[in-house]
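Summary of the model geometry
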Number of protein chains: 4
Amino acid sequence: MITYREVQNESDSIERGVTHIIASGKTAFAEYLFFESQMHGVCVSIDGDVQSCESDEHMYHEALVHPALLAHPHPKTVLIMGGGEGATAREVLAHKSVTKVVMVDIDEEFVSLCKAHISSWGESAFSDSRLEVLYMDIKEYLDTASEKFDVVIGDLVDVADWDSSVASLYGETLYKKIKKVLNPKGIIATQAGALDTGESVNHKRIREMMASVFSDVRSYGVIVSSFYSLWGYVMASDDLSVLDTNLTETFTKRAQDLELIGLGVESLITAFILPNQIKKNIGI
Amino acid sequence: MITYREVQNESDSIERGVTHIIASGKTAFAEYLFFESQMHGVCVSIDGDVQSCESDEHMYHEALVHPALLAHPHPKTVLIMGGGEGATAREVLAHKSVTKVVMVDIDEEFVSLCKAHISSWGESAFSDSRLEVLYMDIKEYLDTASEKFDVVIGDLVDVADWDSSVASLYGETLYKKIKKVLNPKGIIATQAGALDTGESVNHKRIREMMASVFSDVRSYGVIVSSFYSLWGYVMASDDLSVLDTNLTETFTKRAQDLELIGLGVESLITAFILPNQIKKNIGI
Amino acid sequence: MITYREVQNESDSIERGVTHIIASGKTAFAEYLFFESQMHGVCVSIDGDVQSCESDEHMYHEALVHPALLAHPHPKTVLIMGGGEGATAREVLAHKSVTKVVMVDIDEEFVSLCKAHISSWGESAFSDSRLEVLYMDIKEYLDTASEKFDVVIGDLVDVADWDSSVASLYGETLYKKIKKVLNPKGIIATQAGALDTGESVNHKRIREMMASVFSDVRSYGVIVSSFYSLWGYVMASDDLSVLDTNLTETFTKRAQDLELIGLGVESLITAFILPNQIKKNIGI
Amino acid sequence: MITYREVQNESDSIERGVTHIIASGKTAFAEYLFFESQMHGVCVSIDGDVQSCESDEHMYHEALVHPALLAHPHPKTVLIMGGGEGATAREVLAHKSVTKVVMVDIDEEFVSLCKAHISSWGESAFSDSRLEVLYMDIKEYLDTASEKFDVVIGDLVDVADWDSSVASLYGETLYKKIKKVLNPKGIIATQAGALDTGESVNHKRIREMMASVFSDVRSYGVIVSSFYSLWGYVMASDDLSVLDTNLTETFTKRAQDLELIGLGVESLITAFILPNQIKKNIGI
């Protein structure tokens, strides 16, 4: 039996039944694997970590994108950090107010592989003239960017080791750079690791670092079955009025035109209500 | 490395790091294992299936018990099917309106082991004079019961194989027997397997069987990190007025005296809002 | 990490690191997988069971073929049961006395896959005019065969379940059919499962069934590292004089022209000396 | 299912079914685990590496001890490096010519645990007045030893990482110290890691280091099923006449009084005949 073994946390692993290996190899930046899992359909993995699976990629990406874009009164320009699969851009572009999306992904080869092997995930985005894709290091981009954005979405790989270079994709340094490219009322939302009653080390750390840079920070989570966990996200802004509105009313009203395949607008709202034991674990 | 391998679904497994084996063996009814997992503290397993772990047993048991007891206008008598750990009874007895709880568990030895090895989970319940514990087959009990109940809570082992005898703990036959011991406005709530975007076979099946016996059926789910999934429950009643109230208002008001360690009352409410893709998977 | 999980025996599993999936799918008869393992090179698996790996396929096949062909005074005609990889035929054809080899494999598609994906293993055999390949059930072949053979080699899949149809490839019924196609002084040798100090259920059973049909039976074993065990074979004959010769002298003399890449002639001889604890386990 | 996962080599793992955990914990020097495996009986593990299992500990220890003691014309004094289980001393003391055995094991607590949990393995040795047990670092012992020995047996843990301190138990430095405590015609034999057709890194390295210190070096291997490999040993001496005798004749004659439960004298002899592909892998 072919299986895909993934380290889930400091002590536990997930072993998935694999029905088919679609593509595997290395780009200049990472090891990739596209495989068909028996349980969750086609999955994409980078450096041993599953990024998304067919059965619920809509849930992951809707949760990543929509809260920030719905919280913002009128998002026009959006920066996507990473997002190689194209699905994040797809969700961003579903917002009609958006006129310009810049997606900065370091790995052109990986993006090509996504276009080839999971084409349906991102094809509407890659053919949308509002999307500009740049292949470069996000830190370099931020250092030199002349544009400003209403929303920044962080769809970057999770941190397996905080002493590795990947950690720079989540540091205080990065959030300060992001702050500079945000318009007034600007919002950043990023994936932020699993929310677990055991430990939620990454989420807690990312949240704290964002809180040291932005005045308002919100954790939220949605079940992503194919990740075998409640997946965490953090949304932050320096404009307190942006996040402190009545989310239920705002989201319900603004989401009317969105077709939500994975979550539904109600789930986007309840994602902000975390169980006590999870809150305790991330120090809120 | 000692690990505990658990079949998670038709194709995937979880492998947990184990720091200590507390007790393992067989009773007349099942193989048991009490172990300390590195990630989620002390865990209890029956027949290879993790039942509860220290890090979030409060979440599992609060979700199992409170929605039904909060939905019922004035629950006085409660029947617990299974519940050997004592934690389900603990949550039931937290409701001051409750005057009598009958817990029917087939496995006296397992209950003794729980009293010995996870004593803090159920000790407040086992020393509460409102609790009566009967060691017998729940089906026999239901056939001969003279008492009637406001709420019935199903805390029985999950079904690994629908052709095995365990399946009789979830069949239409059982729900008809339960119906007979329910008072008017009576509610049954039962654990009902994982809610997954891959497949949710057990939940779908249990829900359908309950729907064939009761006029109103509700699925809900809460993350139980130590189960590595969104855990599903089904609540059912023949009195449409019971479940069709405004849950937010009712729960908030009635839960005021409850100390909710795991979930919080808001999480009990949002548990009923399932993501679209999960709903699709269980056919709702 | 892609891994290949293989059930090794009643309780233990092997998990191999996989660097590349070469081909996977189903023929009319079996699920196949050609993969590159990190440790043992290209491996071929049928129905979840590794058949041979590049790093020591020579050891497995030399041990399967040469003892019988060296024990026989002048083997001319050889029947191979199974042997789809072509490597068994390769070793048989290395014996210059051999004028005719009939290989009967049920699975033409699998043989084609071997020709495509592990071509070097069998190509010398498949291009040798002394080899005739028939695609049919070995039992049917034996029932209708008009030819007789000096040696029969059994290179069939191992039995995972003695209640399955695969068991018919090792039963008493089969050995009686084989007996009928053997010339006087004829020898049969077959792979016969792992020799383990835990249990060696398959080997013991195959040996006993052969002993009920043939007057002389010999177990032998060679380490096949990629199988993570001492691999067992049984050789049998009805002519006591054939196997009761001085193997050391006979093998050494007759093997002079053979190029033994895996084992060497001395290892072929010492394969017949089994440790006491292994002998005890197979009842000898 | 409780399993014991053991890293087997650079890419593959063994997962054993565990029926019972007998004892687990840490001494001042190592993590230990005594467990009952379904397949191979009681097993002892140190730092995640299985040391011996009930089903074939006789095979492992007979192979470790007897070749050196049989090769030596009249072994009287023997030094055991490590050997905490007591089984190595048991095999050494089976040689009637032996008058004095010094066993130097750093870990007194582990030895006590072995006496408690696998008492039958070493009890005949620990109660034998010819055995002296010292609890100290073998390197310190060798630096200060005034005694000399006919045979030194190395029963120390295998090296998982050649950059760790464990590596000092196999280095050239150590072999030079051993050389100083050997009598003329003295022999050292040590366990030396798995012999595999994939890679046999440890064996090759240990063999080379010994060859740089001793004039005559011999690799040999026996199947240890519970290790899932052909287990390698190296025997070395500075007296060429010792190892270059006719092993078959010498061993057979001298082993007459030994009761060989695991291997048998013939298996001790054939252990020195390694398959070509294994020889190639260790560079001989």
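In this text, all values refer to a predicted model and were calculated from it rather than measured experimentally.

Let us now look at the nonpolar core. Counting 369 residues, the largest nonpolar core has A:Ile153, B:Ile153, C:Ile153 and D:Ile153 as the members making the most contacts within it. In contact with A:Ile153, other than residues within four places in its own chain, are A:Leu64, A:Val65, A:Ala68, A:Val78, A:Ile80, A:Met81, A:Thr88, A:Val92 and A:Ala189.

All right, on to the relation of the copies chain A and chain C then. For the match of chain A to chain C, the screw axis carries a shift of 0.0 Å, the RMSD comes to 0.0 Å, and the turn is 179°. Here the symmetry operator amounts to a two-fold rotation axis. Within chain A, the C-alpha atom positioned nearest to the axis of rotation is that of A:Thr3, 2.6 Å from it. Here 100% of the interface residues in chain A have copies in chain C that are interface residues too; the copies meet face to matching face.

With that out of the way, let us pick up the interface of chain C and chain D. The interface of chain C with chain D comprises 38 residues on the first partner and 38 residues on the second. The biggest single contributor to the side of chain C that touches chain D is strand β2 (residues 13-26) of chain C, with five residues. Taken together, the residues of the side of chain C that touches chain D sort by class into twelve nonpolar, 19 polar and seven charged.

This brings us to the sheet that holds strand β10 (residues 182-195) of chain D. All names here are of chain D. Within the open sheet, the seven strands sit side by side as β8-β7-β6-β9-β10-β12-β11. Their pairing is mixed. A strand with exactly one partner marks an edge of an open sheet, and here the two such strands are β8 (131-134) and β11 (216-224). Taking each pair of neighbouring strands and ignoring which way they run, the sheet shows an average axis angle of 20°. Summarising the sheet, strand β7 (residues 100-104) and β8 pair through four bridges and their orientation is parallel. Counted as the bridge partner of valine 102 is glutamate 132 from β8.

Take the relation of the copies chain C and chain D next. Overlay of chain C on chain D (RMSD 0.0 Å): rotation 180°, translation along the axis 0.0 Å. Comparing contact sets, 100% of the residues at the interface of chain C also lie at the interface in chain D, consistent with an isologous, same-surface contact.

Further remarks concern the sheet that holds strand β6 (residues 77-82) of chain A. Residue and element names in this part refer to chain A. One open sheet accounts for seven strands, arranged β8-β7-β6-β9-β10-β12-β11; its pairing is mixed. Strand pairing shows two members of the sheet lacking a second neighbour, β8 (131-134) and β11 (216-224), which therefore form its edges. Direction aside, neighbouring strands of the sheet carry axes that sit 20° apart on average. Where helix α7 (residues 201-211) meets the sheet, it contacts β10 (182-195), β11 and β12 (229-237), and its direction lies at approximately 165° from that of β10.

Before going further, it helps to examine the packing of helix α3 (residues 108-117) of chain B against helix α4 (residues 119-126) of chain B. When two helices pack together, their arrangement is given by the angle between their axes and by how far apart the axes lie. Residue and element names in this part refer to chain B. At a minimum axis separation of 7 Å, α3 and α4 run at an interaxial angle of 110°. Considering their axes alone, α3 and α4 lie roughly perpendicular with respect to each other. As α3 runs across α4, the sense of the crossing is left-handed. Of the residues in α4, those in contact with Cys114, Lys115 and Ala116 of α3 are Ser119, Trp121, Gly122 and Phe126.

Reading guide: rules and limits
- Here the residue numbering is sequential within each chain, running from 1 through the sequence in written order.
- Chain letters and ligand numbers both follow the written order, the letters beginning at A and the numbers at 1.
- Note on the predicted model: pLDDT of at least 70 is required for a residue's local features to be given, and 80 or more for side-chain atom pairs to be given and counted; whole-chain, interface and lining totals, by contrast, use all residues.
- In this description, a nonpolar core means buried residues of the types Ala, Val, Leu, Ile, Met, Phe, Trp, Tyr and Cys, linked to one another by C-beta atoms lying within 7 Å.
- Any residue whose C-beta has 12 or fewer other C-beta atoms within 10 Å is treated as exposed, any with 20 or more as buried, and any in between as partly exposed, C-beta atoms being built from the backbone.
- Working definition of a contact: two residues with C-beta atoms, positioned from the backbone, lying within 7 Å.
- Superposition of the copies was done by least squares, using only C-alpha atoms of residues whose pLDDT is at least 70 in both.
- In DSSP terms, a helix is any run of H or I states spanning at least four residues, a strand is any run of E spanning at least two, and both are numbered starting from the N terminus.
- Amino acids outside the nonpolar list (Ala, Val, Leu, Ile, Met, Phe, Trp, Tyr, Cys, Pro) and the charged list (Asp, Glu, Lys, Arg) are all regarded as polar, and Gly is one of them.
- DSSP bridges decide pairing: two strands pair if at least two such bridges lie between them.
- Angles here are taken between N-to-C directions and fall from 0 to 180 degrees, while the axes themselves are lines fitted to C-alpha atoms, restricted in helices to the stretch in contact.
- Put simply, angles under 35 degrees are roughly parallel, angles over 145 are roughly antiparallel, angles from 65 to 115 are roughly perpendicular, and the rest are oblique.
- Crossing handedness follows the turn of the near helix against the far one: under a right angle anticlockwise gives a left-handed crossing, and clockwise gives a right-handed one.

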